[in-house]
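# Reading the structure
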Number of protein chains: 2
Amino acid sequence: MAQVLRQCVVTFVRLGSTKVAHSTPGIRLNNHRLYLKLLGGGVLCQFSLFSWKGSRKPDVDSSDSWMSEPITSLDELKQNGDDMKCKMEAMIMRIQSEFVHAVEKEELEEGGKKFLVDRWLREQGGGGITCVLQDGTVFEKAGVNISVVSGILPPNAVQQMRARGKKMKGANLKFFAAGVSSVVHPRNPHIPTVHFNYRYFEVENDDGEKHWWFGGGTDLTPYYLEEKDVVHFHKTLKKACDGHGKQLYPKYKKWCDDYFRVPHRGESRGVGGIFFDDVDEPSQDKCFEFVTDCAESVVPSYLPLVQKHKKDGVSYPEREWQLLRRGRYVEFNLIYDRGTKFGLYTPGARYESILMSLPLTARWEYKHSPPEGSREAQLTEVLKNPREWV
Amino acid sequence: MAQVLRQCVVTFVRLGSTKVAHSTPGIRLNNHRLYLKLLGGGVLCQFSLFSWKGSRKPDVDSSDSWMSEPITSLDELKQNGDDMKCKMEAMIMRIQSEFVHAVEKEELEEGGKKFLVDRWLREQGGGGITCVLQDGTVFEKAGVNISVVSGILPPNAVQQMRARGKKMKGANLKFFAAGVSSVVHPRNPHIPTVHFNYRYFEVENDDGEKHWWFGGGTDLTPYYLEEKDVVHFHKTLKKACDGHGKQLYPKYKKWCDDYFRVPHRGESRGVGGIFFDDVDEPSQDKCFEFVTDCAESVVPSYLPLVQKHKKDGVSYPEREWQLLRRGRYVEFNLIYDRGTKFGLYTPGARYESILMSLPLTARWEYKHSPPEGSREAQLTEVLKNPREWV
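The paragraphs below set out a description of the structure included in this document. All values reported here derive from a predicted model rather than from experimental measurement.

If you look at the interface, chain B gives 33 residues, while chain A gives 33 residues. Taken over both partners, the interface formed by chain B and chain A buries close to 3100 Å², and the fraction arising from carbon and sulfur atoms is 57%. In this structure, Arg363(A) engages Asp135(B) in a salt bridge whose closest nitrogen and oxygen atoms are separated by 3.6 Å. Between the two partners, chain B and chain A, sit 15 residue pairs in polar contact (both at pLDDT 80 or more). Going through the elements one at a time, strand 3 (116–121), strand 4 (126–134), helix 10 (316–336), helix 11 (338–345), helix 12 (351–354) and strand 12 (361–363) of chain B are the ones with two or more residues in the side of chain B that touches chain A.

Okay, structure coming up:
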């Protein structure tokens, strides 16, 4: 019955609209340009009779809109639809495509650039698809990367995982990792920078025992504090979490605040969001559903902020402040970020994809301090003392 | 006899000239604006009869020209002239002043800015003097910092030192560190960036046993390769080393190439120079003389390059290339540099002084690659495959 109703919804969907409908709970729409055009209230009423959870259309069905060939062949992804490695690859391919198209639409509306799509393979196994938009009209730099890699874990990664409590036995541990990650640095300082990353890990001990877990998160880095925007952002992430347990948002919100901290400056990178790692309960499928919901919440949490501010006026000091804040972003990413470190220390790492998160331009001034009472000081205050937003 | 002849030289020295005479081997001149005005050839002839080494004027005698009050009181520095802690502080105070004045002179000649002098004290003991010139005419950012600090070594520093073979016994190790460090990022891409750092360390085991050692180096990061400039730079450093053993320059040149390597890019930060650490032979005084000679070679190795290129024409693509290379500089400093890491992880670290080494502006482009045969590609080639220059 659920399947029948899904077909109804898809029938009512129309191409080419400006609204983004990904966030509609329980409904999977595979093109970001789609929205629901309901033909009548009567149809709407029927929706509430059914639960849509757990009956998603396979991600692989969206393959026509993917940015390129996947890393694993499409046939293999279709045939192994129950294997989490394949499920995850198909999901991140879809999320990449949806996010890239949503961002590109905002850019092209202002006569800007298209994303460059760069598919690469890794000698040691696997590869990735890096989509980059650089020096655009709305976006100064936007990168959306998926990677699907496997091989033998480098020693420092094993050490890092053991430090986190993983029971890794043996020296040459086989691993598989698939993830989507993105950083968007808009040109206008009134639009925040967004970052998200959703990933799946498998490690096999020497004795054949397998570990698996999911990790990820989405977080926001504004240059100027617009409380309404931050509340909208956090509310959207909370909604994605709440369907999987009311305890998740507060826990992952705090984890995010703790993770994106720049200790030497005593401030956070931004106003947070959610962050989690080592998620392996209650079941692999439930974890996958959770991570999928989080990944789907990126577009509705962030794109409205782009739409709202992309035409805001910008003063020279506002631009300078944005560049200084981007310097702080670089500091976090290069000194503290575990993903960057893990990436760069991995033999055969594709540093171009890892460093894609860095802004096009950044600035460092000695002892810059915003004037008391200024909007810049207001942001700094929030970065020093993270708040609750929902 | 040597003392008598030194007096002769000093008599012939005149204030206010534009030539820099620090590099005159074996002769210590305490003001960068001095040069030798020889009254007659007869006097010159007598010079060769004597050796000047080991009879330097105490650094503390130059205190009138220092950038600020030292961290330790001048009286204490004078009274404890035989203690290496005090000798080192006086030496780095002099070197800071000489380098700042030499750089500032080039800047002021073009109607630019003066250095800001910022003396700071550290709660846990000691302090520093940070001199910064920012957004100038010739220099985009120049920082010259001295620090004289003491306290208890943080655990990660102990670990790092043990990994280098130091026999550190106990948990709460008292330390003393004094050093001068500087990075100069000129505006014109035809002038290279220079970095130098000379430091002295003392660590006391729980049982009272003391370790001491010197470290340091000077290295050059050009944006365009001017072979003559690089040769001049290396030759000047070699000359400083050679007085203390012919084996030193080749050894420390290689160490520099190895240290300033950016593994993820498979290239060096620049064209090298010299780098050393844990120097504690043949004696404390000999080590001090060596480090002093190295520190004195900075002005004659680098300033001629500034003078030569500060009025060179610059194209837009040349400026863009410079900003990209500055991005690489940031990568090295934040990801790999031991000094930065040690600094930022030290409780109560003054991050503003540590991060002073970062350029005013830096840029990152996805997969930037200079056209084959271009001057940018020529530099990249040298960075990938370090050369011998002398």
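Residues and elements named next belong to chain B. The element strand 6 (residues 174–186) is largely enclosed, with a buried count of 11 among its 13 residues. Direction of pairing for strand 5 (residues 139–152) relative to strand 6: antiparallel, over a ladder of 13 bridges. Among the inter-strand pairings, Ser150 is bridged to a residue of strand 6, identified as Phe176. Summarising the sheet, strand 6 and strand 7 (residues 193–204) pair through 11 bridges and their orientation is antiparallel. Note on strand 7: the bridge partner recorded for Val180 is Tyr198. Between strand 6 and strand 7, which pair antiparallel one after the other, the connecting turn spans 6 residues.

Right, let's talk about the pairing of strand 8 (residues 210–221) of chain A for a bit. Residue and element names in this part refer to chain A. Counting buried positions along strand 8 yields 10 of 12 residues, so the element is predominantly enclosed. Bridge count between strand 7 (residues 193–204) and strand 8: 12 bridges; the pairing is antiparallel. Within strand 8, the position partnered with Arg199 by the bridge is Gly215. When strand 8 meets strand 11 (residues 272–279), the two strands line up antiparallel, connected through 6 bridges. Note on strand 11: the bridge partner recorded for Phe214 is Val279.

This part covers the sheet that holds strand 11 (residues 272–279) of chain B. Residues and elements named next belong to chain B. Spatially, the 7 strands line up as an open sheet ordered 3-4-5-6-7-8-11, and their pairing is antiparallel. Strand pairing shows two members of the sheet lacking a second neighbour, strand 3 and strand 11, which therefore form its edges. Within the sheet, the average angular offset between the axes of one strand and its neighbour, ignoring direction, is 5 degrees. Here 9 bridges tie strand 4 to strand 5, and the two strands are oriented antiparallel to one another. Bridge pairing in strand 5 links Gly126 to Val149. Packed on one face of the sheet, helix 9 (residues 298–309) meets strand 5, strand 6, strand 7 and strand 8 (210–221) and runs near 160 degrees to strand 7.

Of the two same-sequence chains, chain B is brought onto chain A (RMSD 0.0 Å, axial shift 0.0 Å) by a rotation of 180 degrees. Such values leave the two copies arranged in the relation of a two-fold axis. The overlap is high: 100% of the interface residues of chain B also sit at the interface in chain A, so the same surface is used on both sides.

Let's shift gears to the packing of aromatic side chains. Going through the model one piece at a time under the given rule, you end up with 38 aromatic pairs over all chains. Ring geometry for Phe260(B) against Phe275(B): centres 5.8 Å apart, planes inclined by 90 degrees, an arrangement best described as edge-to-face. Pair noted here: Phe260(B) is in the loop between helix 7 (248–259) and strand 9 (261–262) and Phe275(B) is in strand 11, with a separation of 15 residues, a long-range link. Among the aromatic residues, ring-to-ring pairing joins Phe99(A), Phe196(A), Tyr198(A), Tyr252(A), Trp255(A), Tyr259(A), Phe260(A), Phe275(A), Phe276(A), Phe290(A), Phe332(A) and Tyr336(A) into one connected group. The ring of Trp213(A) carries the charged tip of Lys166(A) above its face, separated from the ring centre by 4.1 Å. For Lys85(B), the ring lying beneath its charged end belongs to Phe176(B), and the centroid distance is 5.9 Å.

The subject of this paragraph is the pattern of salt bridges. Two side chains of opposite charge can pair, provided their charged atoms sit close to one another. All names here are of chain A. One pass over the full model with this rule turns up 77 salt bridges over all chains. In this structure, the salt-bridge partner of Lys310 is Glu106, at a minimum N-O distance of 2.9 Å. Of this pair, Lys310 sits in the loop between helix 9 (298–309) and helix 10 (316–336) while Glu106 sits in helix 4 (residues 84–109), placing them 204 residues apart in sequence. You can call Glu106 buried: its relative accessible area is 3%.

Residues and elements named next belong to chain A. Scanning all chains against the criterion turns up 0 disulfides over all chains. Cys241 carries a free sulfur, and the closest cysteine sulfur to it, the one in Cys294, is 4.5 Å from it. The buried category is assigned to Cys241, whose relative accessible area is 0%. With no disulfide partner, Cys287 has as its closest neighbouring cysteine sulfur the one in Cys294, 11 Å distant.

Moving on: helix 4 of chain A. With 26 residues, helix 4 of chain A extends 37 Å from end C-alpha to end C-alpha; this agrees with the ideal 38 Å at 1.5 Å per step. Remark: Gly111(A) follows helix 4 of chain A within two positions and exhibits a positive phi of approximately 75 degrees.

All names here are of chain A. Running from amino to carboxyl end, helix 4 crosses helix 8 (residues 284–296) at an angle of 10 degrees, the nearest separation of the two axes being 11 Å. Looking at the two axes, helix 4 sits roughly parallel to helix 8. When helix 4 is examined against helix 8, the residues Met84, Lys87, Met88, Met91, Arg94 and Ile95 are found in contact with a partner set consisting of Gln284, Asp285, Phe288, Val291, Thr292, Ala295 and Glu296. Looking at the contact of helix 4 with helix 8 residue by residue, the class counts come to 7 nonpolar, 2 polar and 4 charged.

Cut-off values and rules
- Residues numbered from 1 in each chain as written.
- Chains lettered and ligands numbered in written order.
- Predicted model: local features only at pLDDT ≥ 70, side-chain atom pairs only at ≥ 80, totals over all residues.
- Heavy atoms only, no water.
- Contact = heavy atoms within 4.5 Å.
- Buried area = accessible area lost by both parts, 1.4 Å probe.
- Salt bridge = Lys/Arg side-chain N within 4 Å of Asp/Glu carboxyl O.
- Polar contact = N/O pair within 3.5 Å; in protein donor to acceptor, adjacent residues only side chain to side chain.
- Helix = DSSP H or I, 4+ residues; strand = E, 2+ residues; numbered from the N terminus.
- Buried < 20%, exposed > 50% of the residue type's maximum accessible area, 1.4 Å probe, protein only.
- Pairing = 2+ DSSP bridges.
- Axes fitted to C-alpha atoms, helices over the stretch in contact; angles between N-to-C directions.
- Least-squares fit on C-alpha atoms with pLDDT ≥ 70 in both.
- Phe/Tyr/Trp six-rings, centres within 6.5 Å; stacked < 30°, edge-to-face > 60°.
- Lys NZ or Arg CZ within 6 Å of the ring centre and 35° of its normal.
- Disulfide = S-S within 2.5 Å.
- Expected span 1.5 Å × (residues − 1).
- Parallel < 35°, antiparallel > 145°, perpendicular 65-115°, else oblique.
- Nonpolar A, V, L, I, M, F, W, Y, C, P; charged D, E, K, R; others polar.

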